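# Commentary on secondary and tertiary structure
Given next are the chains, with one letter for each unit.
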Amino acid sequence: MKPFIDPFEPAHVRRLVGEFGSPLLIVDCERIRAQYRKLARVLPGVDLHYALKPLPHAAAVRTVIDAGGFLDLATTGEVQLAAALGVAPERCIHSHPIKTGRDIRNALHFGVRTFVADNPDEVRKFARFTERAELLLRISFRSPGAVCDLSRKFGCDPSEALDLARLAADLGVGVRGLSFHVGSQAPNSGKHVEAIDACAQLLRTARREQLGVLDTLDIGGGFPISYAQKSQEIGSFCAPIRAALARLPRRLRIIAEPGRFIVGPAAIGVAAVMGRARREGRWWYYLDDGLYGSYSGQMYDHARYPIEALRSTGERSPCVLAGPTCDSIDVIAENVMLPPLRCGDLIIGRAMGAYTWASASEFNFFPKATVVAVNAHAGDAGSV
Ligand SMILES: *Cc1c(COP(=O)(O)O)cnc(C)c1O
């Protein structure tokens, strides 16, 4: 049994870079477990389906499943990852509102039963699978305040939901309930509450019309974490959600699809200085990871990761941290206060588990960071 290690300790970071090289994404499964438990505690009775998209990695999936969690799959690739890990399909839902026939068949073949649809064409795709599939209808609640408003691209207007449920009933497609996703990194839980209250009304009407089993409400993701900027603490974020859930009709199964909250704080990015140059009175440090790599989240996810140097000695001065590619846009941060650095010195980005490595590319042939998962087994840990 390997000893528990804190991968965020400088000595351990150096050891892991010595063993695996750089750049690294060090994922601490113990922190994934802690995040899972924290959310489970403030959302009692809610089944947590980890959405794979922010970090589609076997270590994250295994850790959530071992902790008693469930999965939210959205693509054939994610279905294949869950299948390869031997996850029970009953613990999975498929939540992409738009799917090819092949996506649906692959998920059904794996054994997923619950799918999401948000428009008549998509509901009709399930007319051939009435014995094997049932739907959650995704409703859109616009959220211009969220950093990523997911209700613009997906979801039907609340006023169209009952017609969609009627269409499903006409086709013999089972409707299990409703779902929504108010958008990622929500500033507060106001939209969740508004959406839960609106869904309660829709569920009551749909049950009265007997439009399906309607025993499930999926409240999506959006649970925020702190970056360079602090977010609302999860306990106070979820208190109004709990109150709204208590107002729902009885005998409802509530599920959520957290992604960012489960894995975001659980990983750090580690990049090494490849070279440096003094330009216009400042040091420019060129790292082996950048905006086309793990820091892609700065572009796609609008995140600002807390960044620091592992070396702490020396007088700090404003520096520029640049990525490795030949593209001028590939600058991670300007005016970061850093001590003097040399080639091989390490830069740490915190809260880099979600929407970082997942959206990295190998532009210019710079490889993506190697993912190193530590503390993979509860209690045993240390294993990579
Ligand atoms: C991305 C996504 C999630 C995860 O959202 P977070 O804000 O990261 O929790 C959940 N459900 C669906 C359908 C998604 O597309």
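Quick caveat: nothing in here was measured; it's all calculated off a predicted structure.

### As for the overall build of the protein
Helix and strand content of the protein: 11 helices and 16 strands. Relative to a compact globule of 384 residues, whose C-alpha radius of gyration would be 21 Å, the protein shows 22 Å and is just as compact. Taken along the three principal axes of its C-alpha coordinates, the protein extends 70 × 45 × 40 Å. In the protein, which comprises 384 residues, the share counted as buried stands at 55%. Summarising the internal contacts of the protein: among those between residues at least 6 apart in sequence, 69% fall at separations of at least 24.

### Remarks on the packing of helix α2 (residues 29-42) against helix α3 (residues 58-66)
Working note: a packed helix pair is described by the angle between its axes plus the distance between those axes. Interhelical geometry of α2 versus α3 gives an angle of 45 degrees and a closest axis separation of 9 Å. Judged on the interaxial angle alone, α3 and α2 are oblique. The interaxial crossing formed by α2 with α3 has right-handed handedness. Across the interface between the two elements, Cys-29, Ile-32, Arg-33 and Tyr-36 from α2 touch Ala-59, Ala-60, Thr-63 and Val-64 from α3. For the contact of α2 with α3, the residue count by class is 6 nonpolar, 1 polar and 1 charged.

### Here's the deal with the site of the ligand
Lining the immediate surroundings of the ligand are 14 residues, of which Lys-53, Ser-184, Glu-257, Gly-259 and Tyr-355 lie closest. Take Asp-72: an N or O atom from its side chain is 3.3 Å from a nitrogen atom of the ligand. Contact between the ligand and Ser-184: an oxygen atom at 2.4 Å from a side-chain N or O atom of the residue. For the ligand, the accessible surface in isolation is 390 Å², of which the surrounding protein chains cover 92%.

### Considerations on the pattern of salt bridges
Counted by the stated rule, this structure contains 19 salt bridges. In this structure, Arg-31 engages Asp-28 in a salt bridge whose closest nitrogen and oxygen atoms are separated by 2.8 Å. Owing to a relative accessible area of 1%, Asp-28 belongs among the buried residues under this scheme. Shared partners join several salt bridges into a network, and the residues in it are Arg-113, Glu-134, Arg-176 and Asp-215.

### Concerning the packing of aromatic side chains
Both the distance between ring centres and the angle between the ring planes are used here to describe each pair of aromatic rings. Per the stated rule, a full pass over the model turns up 8 aromatic pairs. Pairing Phe-141 with Phe-180 gives two aromatic rings, centres 5.8 Å apart and planes at 85 degrees, and the pair type is edge-to-face. With Phe-141 in the loop between β6 (134-138) and α7 (161-171) and Phe-180 in the loop between β7 (174-179) and α8 (190-208), this residue pair connects regions lying 39 residues apart in the sequence. The same class applies to Phe-141 as to Phe-180, namely buried. For the pair Tyr-295 and Tyr-305, a centre-to-centre distance of 5.9 Å together with 75 degrees between the ring planes defines the contact as edge-to-face. Linking Tyr-295 in the loop between β11 (282-287) and α11 (297-300) with Tyr-305 in the loop between α11 and β12 (307-309), this pair joins segments that are 10 residues apart in sequence. For Tyr-295, a relative accessible area of 1% translates into the label buried.

### A few points about helix α4 (residues 76-84)
Taken together, the buried positions of α4 are occupied by Thr-76, Glu-78, Val-79 and Ala-82. What you see down the axis of α4 is that its buried residues fit within an arc of 160 degrees, all on one side. Buried-residue contacts for α4 involve β3 (70-73), β4 (92-94) and α5 (101-110). Positive phi appears at Gly-86, one or two residues downstream of α4, with a value of about 75 degrees.

### Focus: the side chain of Ser-296
Following the sequence through the fold, Ser-296 ends up in the loop between β11 and α11. Look at Ser-296 and you get buried, because its relative accessible area is 1%. Among the polar contacts listed, one links the side chain of Ser-296 to the backbone oxygen of Thr-356, at a separation of 3.0 Å. When sequence neighbours within four positions are dropped, the list of residues in contact with Ser-296 reads Gly-290, Leu-291, Asp-301, Thr-356, Ser-359 and Ala-360.

### A closer look at the environment of Pro-89
Inspection of the secondary structure assignment puts Pro-89 in the loop between α4 and β4. Taking C-alpha positions, Pro-89 is 9.0 Å from Leu-71, a pair spaced 18 residues apart along the chain. Residues contacting Pro-89, with those up to four places away along its chain left out, are Phe-110, Gly-111 and Val-112.

### A short note on the state of the cysteines
For the structure shown, the criterion picks out 0 disulfides. The thiol of Cys-29 is unpaired, and the distance to the nearest cysteine sulfur, on Cys-92, comes to 18 Å. Residue Cys-29 is classed as buried on the basis of its relative accessible area, which comes to 0%. Counting only cysteine sulfurs, Cys-319 is the nearest neighbor of Cys-343, a cysteine outside any disulfide, at a range of 14 Å. With a relative accessible area of 55%, Cys-343 lands in the exposed category.

### Let's talk about the packing of α4 against α5
One way to put it is that α4 packs onto α5 with a least axis distance of 9 Å and a crossing angle of 15 degrees. Classified by the interaxial angle, the pair formed by α4 and α5 is roughly parallel. For the crossing formed where α4 meets α5, the hand is left-handed. Here α4 contributes Thr-76, Val-79, Ala-82 and Ala-83 to the contact with α5, which in turn contributes Arg-102, Asp-103, Asn-106, Ala-107 and Phe-110. Of the residues belonging to the contact of α4 with α5, the class tally is 5 nonpolar, 2 polar and 2 charged.

Definitions and cut-offs
- Per-chain numbering applies: the sequence of each chain, read as written, is numbered from 1 onward.
- The model is predicted, so local features are restricted to residues of pLDDT at least 70 and side-chain atom pairs to those at 80 or more, both for listing and for counting; the totals for chains, interfaces and linings are taken over all residues.
- Calculation of side-chain values draws on the structure's entire complement of heavy atoms; hydrogens and water are dropped beforehand.
- Counting from the N terminus, the helices are the DSSP runs of H or I reaching at least four residues and the strands are the DSSP runs of E reaching at least two.
- Just to be clear, the radius of gyration here is over C-alpha atoms, and the globule rule we use is 2.2 Å times residues to the power 0.38.
- Think of it in three bands: residues with accessible area under 20% of the maximum for their type are buried, residues over 50% are exposed, and the middle band is partly exposed, with areas taken using a 1.4 Å probe on protein chains only.
- Residue contacts are defined here by distance: any two heavy atoms, one from each residue, within 4.5 Å place the two residues in contact.
- Simply put, an axis is a line fit to the C-alpha atoms, just over the touching stretch for a helix, and the angle between two N-to-C directions goes from 0 to 180 degrees.
- These descriptions rest on fixed angle ranges, namely under 35 degrees for roughly parallel, over 145 for roughly antiparallel, 65 to 115 for roughly perpendicular, and the rest for oblique.
- Crossings are classed by handedness, with left-handed meaning an anticlockwise turn of the near helix from the far one by less than a right angle and right-handed meaning a clockwise turn.
- Classification convention: Asp, Glu, Lys, Arg as charged; Ala, Val, Leu, Ile, Met, Phe, Trp, Tyr, Cys, Pro as nonpolar; all other residues, Gly among them, as polar.
- Any residue with a heavy atom positioned within 4 Å of a molecule or strand is treated as near that molecule or strand.
- By the criterion applied in these results, polar contacts are pairs of N or O atoms within 3.5 Å in which, for protein atoms, one can donate a hydrogen and the other can accept it, and in which residues neighboring in sequence qualify only through two side-chain atoms.
- All accessibility values rest on the Shrake-Rupley procedure with a 1.4 Å probe; residue burial counts only the protein chains present in the view.
- Any carboxyl oxygen of Asp or Glu that lies within 4 Å of a side-chain nitrogen of Lys or Arg is treated as forming a salt bridge with it.
- Aromatic rings from Phe, Tyr and Trp, with only the six-membered ring used for Trp, were paired whenever their centres fell within 6.5 Å, and each pair was classed as stacked if the ring planes differed by under 30 degrees, edge-to-face if by over 60, and tilted otherwise.
- Think of the arc as the fan of directions from the helix axis to the C-beta atoms.
- Here, two cysteine sulfur atoms that lie within 2.5 Å of each other are counted as a disulfide.

Function-wise, these values are silent; they only describe arrangement.
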